[in-house]
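Structure at a glance
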Amino acid sequence: MFRRFAGSREGVAATEFALIAPVLVALLLGTIDYCLYMNTQIRLELATRAAAQYMLNGGDPDNIVNDVVIPSSLGVDVSTADDVVVRQDVICRCSDGTELSCDQSCGGGDYERHFVEVELTVNYTAPFLPYVGLSTSMPLQAYVALQSQ
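Notes on the structure follow. Predicted model, so just to flag it, every value in this text is computed and none were measured.

Digging into the pattern of salt bridges
One pass over the structure, following the stated rule, counts three salt bridges. Ionic pairing is found between R93 and E117, a salt bridge with its closest N-O pair at 3.5 Å. Here the residue R93 occupies a position in strand β1 (residues 85-93), and E117 occupies one in strand β3 (residues 113-125), the gap between them amounting to 24 residues. Accessibility expressed as a relative area gives 8% for E117, which makes it buried.

Below, the structure is given as structure tokens:
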């Protein structure tokens, strides 16, 4: 009876699938997590560009989160708006990249270029799996500098 059981091939495929299925599911969930992370990063970059455009069009720097970030597709709402860090600035540079105060001139026939800089930082939380060596929440940043003059 033992020889007949040991030589039987019934259920081998099911056993092999049971052994490999957790690995395949972990790979699938990891791929989905990575895709969601990249999607969030892209949406953050788009929201940062929109915030810089908002600033160029004369928007109030104190209202970037309410006027740009919350209406964007980033997934930030009023309850999580405090987690968004906004850094914005207007800087001036000469053609050689030298940064200077906007009330100074570059000299030598060069003109100063005005830039609006916006940096947004949000926390990203992995939706499915905790990964060994990585925290479940990590900051995502995007930076844009648009020349206004």
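Things to note about the side chain of D33
Its location among the elements puts D33 in helix α2 (residues 12-56). No salt bridge forms around the buried D33; measuring N to O, its nearest opposite-charge neighbour R43 is 12 Å away. Among all residues touching D33, those that are not within four sequence positions of it are Y124, A126, P127, F128, L129 and Y131.

Quick look at a nonpolar patch on the surface
Where nonpolar side chains cluster on the molecular surface, the patch consists of F17, I20, V23, L24 and L27 and spans about 490 Å² of accessible area. Considering the arrangement of structural elements, one finds L24 in helix α2.

Considering the packing of aromatic side chains
A complete count under the given rule lists two aromatic pairs for this structure. Put simply, the rings of Y34, Y37 and Y124 touch in pairs and so form one group of aromatic residues. Here the guanidinium or amino end of R93 rests over the ring plane of F115, the centre of that ring lying 5.3 Å away.

With respect to the environment of P130
Its place among the elements puts P130 in the loop between β3 and β4 (137-147). Overall, P130 belongs to the exposed group, its relative accessible area being 66%. Between the alpha carbons of P130 and G30 there is a distance of 9.8 Å; along the sequence they are 100 residues apart.

Some remarks on the environment of R113
You can see R113 is positioned in strand β3. Classification of R113 by relative accessible area gives buried; the value is 16%. Each C-alpha atom of the pair R113 and R49 lies 19 Å from the other, and the pair is 64 residues apart in sequence. Every residue in contact with R113, bar those within four places of it in the chain, is listed here: I91, C92, R93, C94, S95, Q147 and Q149.

Thresholds applied
Residues numbered from 1 in each chain as written. Predicted model: local features only at pLDDT ≥ 70, side-chain atom pairs only at ≥ 80, totals over all residues. Heavy atoms only, no water. Salt bridge = Lys/Arg side-chain N within 4 Å of Asp/Glu carboxyl O. Helix = DSSP H or I, 4+ residues; strand = E, 2+ residues; numbered from the N terminus. Buried < 20%, exposed > 50% of the residue type's maximum accessible area, 1.4 Å probe, protein only. Lys, Arg positive; Asp, Glu negative; His and termini not counted. Contact = heavy atoms within 4.5 Å. Patch = residues over 30% accessible without salt bridge, like charges linked within 9 Å, V, L, I, M, F, W, Y side chains within 5 Å. Areas by Shrake-Rupley, 256 points an atom, 1.4 Å probe, with all protein chains shown as cover. Phe/Tyr/Trp six-rings, centres within 6.5 Å; stacked < 30°, edge-to-face > 60°. Lys NZ or Arg CZ within 6 Å of the ring centre and 35° of its normal.

Read these as spatial facts, not as claims about activity.
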